[in-house]
Structures are given as C-alpha cells and as structure tokens.
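Architecture at a glance
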Amino acid sequence: MIGLEAAAVVVAYLAFGWPVLLIGIPALIGTAFVLLFVHLSEKPRARLQEARAARYEDAPVPGGLMSGFFEVPAPRAVVEVDRTRA
C-alpha cells in the first residue's frame, strides 16, 4: 500500500512538478502512521482472542440466537392411518 502510494506521488511529481509534494508527502506519512497504529492495535486483540480461547477446554458451540433460522426443516414422517378397521 505504501509502495503504491509512493509510486503515485512520484508519477504525480513527474507530471505536475514540486507542488504535488505539498499534498503527497503528508498523505504518505499519514498513511504510514495509520498502518502502524492498526498493526500495533492488532497485537492486544490477538492476545485477548488467545486468552478467551484458552479459557475453555472445548471450543464454544458455533451459532447463536438465529443459528438455525435459515435452515430448511427436515420433512416429518407421515403416519398412515389404517381406515379399514374402523
């Protein structure tokens, strides 16, 4: 992502000159800061996920409140009534 943005700044610099750098360089630095922040914020989330997974011996049951809502119910068995004995 940083490479593509840097390439875009270089191409814009070659096409339009130095004024492009007034916008391009701060945008490039801002993107680097955002990616660094996201990378650093993922480490605690991953540790929390591992701690929650280690809390249970068995894996939690998949699904939730609406887990069977869209499943087609199995057809019921049809009971035949013997009407000859009535």
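Refer to the structure presented above.
First, a word on what this report is: a plain description of the structure on this page. Every chain begins its residue count from 1, and numbering advances along the sequence as written. Side-chain atom pairs in this predicted model are given and counted only at pLDDT of 80 or more, local residue features only at pLDDT of at least 70, and totals for whole chains, interfaces and linings cover all residues. Excluded from the side-chain calculation are hydrogens and water; included are all heavy atoms of the structure.

1. Some words on the pattern of salt bridges
- The salt bridge definition used is simple: a Lys or Arg side-chain nitrogen within 4 Å of an Asp or Glu carboxyl oxygen. If you walk through the whole model with that rule in mind, you get one salt bridge.
- Residue Glu42 pairs with Arg45 through a salt bridge whose shortest N-O separation is 2.9 Å. With Glu42 and Arg45 both in helix α2 (residues 20-54) and three residues apart, the pair spans about one turn of that helix. Only DSSP runs of H or I reaching four residues or more are called helices, and only runs of E reaching two or more are called strands; each is numbered from the N terminus.

2. As for the packing of helix α1 (residues 2-16) against α2
- Helix axes use the C-alpha atoms of the stretch in contact, all axes being lines fitted to C-alpha atoms, and the angles between their N-to-C directions lie in the range 0 to 180 degrees. Contact geometry of α1 with α2 gives a least axis separation of 10 Å together with a crossing angle of 175°. The angle between the axes of α1 and α2 places the two elements in the roughly antiparallel class. Seen from α1, the contacting residues are Ile2, Glu5, Ala6, Val9, Ala12, Tyr13 and Phe16; seen from α2, they are Val20, Leu21, Gly24, Ile25, Ala27, Leu28, Thr31, Ala32 and Leu35.
- Here the contact of α1 with α2 is built from residues that sort into 13 nonpolar, two polar and one charged. Geometric relationships in this document are graded by angle, where less than 35 degrees denotes roughly parallel, more than 145 denotes roughly antiparallel, 65 to 115 denotes roughly perpendicular, and other angles denote oblique. What makes two residues a contact is simply this: any of their non-hydrogen atoms within 4.5 Å. Any residue that is not Ala, Val, Leu, Ile, Met, Phe, Trp, Tyr, Cys, Pro, Asp, Glu, Lys or Arg is counted as polar, Gly included; the first ten are nonpolar and the last four charged.

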